[in-house]
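# Commentary on secondary and tertiary structure
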Amino acid sequence: EWDGISYPSFIPFREKGAEKVMQDIMDFKSRESDIILATHCKSGTHWGYEIIQMLLRNTTELEKGVKSNSMLEGIGDLSSLDSTPSPRILDTHCKFKYLPKQHIEKRNKIVHIVRNPKDVCVSFYHHALKDNFINFNGSWNDFYELWMSGKLVYGAWYSYELEIEQAEKDIPGMIYTCFYEDIKQEPVKEIKKLADFLGVECSATHIEDVAKATSFKNMQEKKFDITQIFDGKGFIYRKGEIGDWKNYFTVAQNEQFDIQFNEKMKDSNLKLTFA
Ligand code: A3P
């Protein structure tokens, strides 16, 4: 745990000390071409990563292995990223205030994906059940209660999203926010918008090919999934759908969730689809 938030145990807090791990991220030396992919867990990080790497590298090949970097907070020695060629894609679930200071000062690009928190919660539940670094073995109801208490690893979804929304207002143009549901429903349109933000020029055909190559089916079939280490087959590419929450939330849970959501997000301009 650090600064009131708990983290999964693959983050080298024990080896390096929590303070040092987080300080090293904040002190990380940024390059102007670095792209930070900032997401709350289970919002489509692996998907976004592949889309970004295909756009930047003008390819439709899925990256071999997981991603070239594991999450910033999972890398013990950040100087190991010195040898990664530019442009580097640095993904992290850490809150905005812990992102590399230089990246923010230089106004380098940040891509942020948001997903309906009810689907995030269900996706997170399935992940937590199987991930030994999280070590959860309760029921759906138990997990739901943990979510509602804001005590899950990486902290509450609300504080994550509110903080990054504030940063978007404070520093216009630095953060590009896109929505999981929009990418799912209109991948070509959304990938084009992302390419524009990244300053990448590419043909309409290439955008369509990227959309196909990063479809859930293709990624589930072809992408190496690091979570194989836990269950033999991996669980990052689980279902990839909008609205799976309806298969889990009871009517009472849904009502309670909405009340909490409306209260916590009352000052937010985030427009979310609860379909
Ligand atoms: P589900 O558990 O609902 O299936 P993250 O990468 O942040 O851990 O997010 C994982 C979630 O994104 C999982 O959601 C996963 O299936 C979904 N996902 C991964 N690749 C996807 C893709 N190409 N299209 C749609 N959803 C995808």
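If you look the protein chain up in an unreviewed UniProt entry, it shows as Sulfotransferase domain-containing protein from Mytilus coruscus. Recorded under Sequence similarities (unreviewed entry), the UniProt text for the protein chain is reproduced unchanged: "Belongs to the sulfotransferase 1 family."

To continue, consider empty space enclosed by the protein. All chains considered together, the criterion is met by two cavities of 30 Å³ or more. Put simply, the largest cavity is a space of about 60 Å³. Along the walls of the largest cavity sit His40, Phe124, Leu146, Trp147, Gly150, Lys151, Leu152, Gly155, Ala156, Trp157 and Tyr158, which together make up its complete lining. At the level of secondary structure, the elements contributing two or more residues to the lining of the largest cavity comprise helix 6 (140-149) and helix 7 (157-170). A breakdown of the residues in the lining of the largest cavity according to their chemical character gives seven nonpolar, three polar and one charged. What lines the second largest cavity is Ile51, Tyr176, Cys178, Ile183, Glu190, Ile191 and Leu194. Top contributing element to the lining of the second largest cavity by residue count: helix 9 (residues 187-198), with three residues. For the lining of the second largest cavity, a count of residues per class yields six nonpolar, no polar and one charged.

Let us now look at the packing of aromatic side chains. One pass over the full model with this rule turns up 24 aromatic pairs. Between Trp140 and Tyr144 the ring centres are 6.1 Å apart and the planes differ by 50°, which places this aromatic pair in the tilted class. One end of the pair, Trp140, and the other, Tyr144, are both in helix 6, four residues apart, so they sit about a helical turn from each other. Residues Trp140 and Tyr144 agree in their burial class; the two are buried. Between the aromatic rings of Trp245 and Phe249, the centroid separation amounts to 5.6 Å while the plane-to-plane angle is 85°, which identifies the pairing as edge-to-face. Grouping residues by exposure puts Trp245 and Phe249 together as buried. One aromatic cluster in this structure is built from Phe124, Tyr125, Phe136, Trp140, Phe143, Tyr144, Trp147, Trp245, Tyr248, Phe249 and Phe257.

Another point: a nonpolar patch on the surface. A surface patch of nonpolar side chains, about 350 Å² in accessible area, is lined by Phe133, Phe224, Ile226 and Ile229. By the element assignment, Ile229 lies in helix 12 (residues 228-231). Taking the relative accessible area as the measure of exposure, Ile229 reaches 58% and is therefore exposed.

Strand-to-strand pairing in sheets goes through backbone hydrogen bonds, with the strands running parallel or antiparallel. Pairing within the open sheet is parallel, and its four strands lie in the order 2-1-3-4. Unpaired on one side and paired on the other, strand 2 (89-92) and strand 4 (175-179) mark the two borders of the sheet. Recorded for the sheet is a direction-independent mean angle of 20° between the axes of neighbouring strands. In the sheet, strand 1 (residues 35-39) pairs with strand 3 (residues 110-114) via four bridges, with the strands oriented parallel. Paired with Thr39 across the strands is Ile113, a residue of strand 3. Sitting on the sheet, helix 7 touches strand 1, strand 2, strand 3 and strand 4, and the angle it makes with strand 3 is about 140°.

Rules used throughout
Residues numbered from 1 in each chain as written. Predicted model: local features only at pLDDT ≥ 70, side-chain atom pairs only at ≥ 80, totals over all residues. Heavy atoms only, no water. UniProt positions renumbered as here; feature names shortened; annotations may be inferred. 1 Å grid on protein atoms, 1.4 Å probe; cavity = no way out; pocket = protein on both sides within 12 Å on 5 of 7 lines; lining within 4 Å. Points joined across faces, edges and corners; volume = space filled by probe spheres on them. Helix = DSSP H or I, 4+ residues; strand = E, 2+ residues; numbered from the N terminus. Nonpolar A, V, L, I, M, F, W, Y, C, P; charged D, E, K, R; others polar. Phe/Tyr/Trp six-rings, centres within 6.5 Å; stacked < 30°, edge-to-face > 60°. Buried < 20%, exposed > 50% of the residue type's maximum accessible area, 1.4 Å probe, protein only. Patch = residues over 30% accessible without salt bridge, like charges linked within 9 Å, V, L, I, M, F, W, Y side chains within 5 Å. Areas by Shrake-Rupley, 256 points an atom, 1.4 Å probe, with all protein chains shown as cover. Salt bridge = Lys/Arg side-chain N within 4 Å of Asp/Glu carboxyl O. Pairing = 2+ DSSP bridges. Axes fitted to C-alpha atoms, helices over the stretch in contact; angles between N-to-C directions. Contact = heavy atoms within 4.5 Å.

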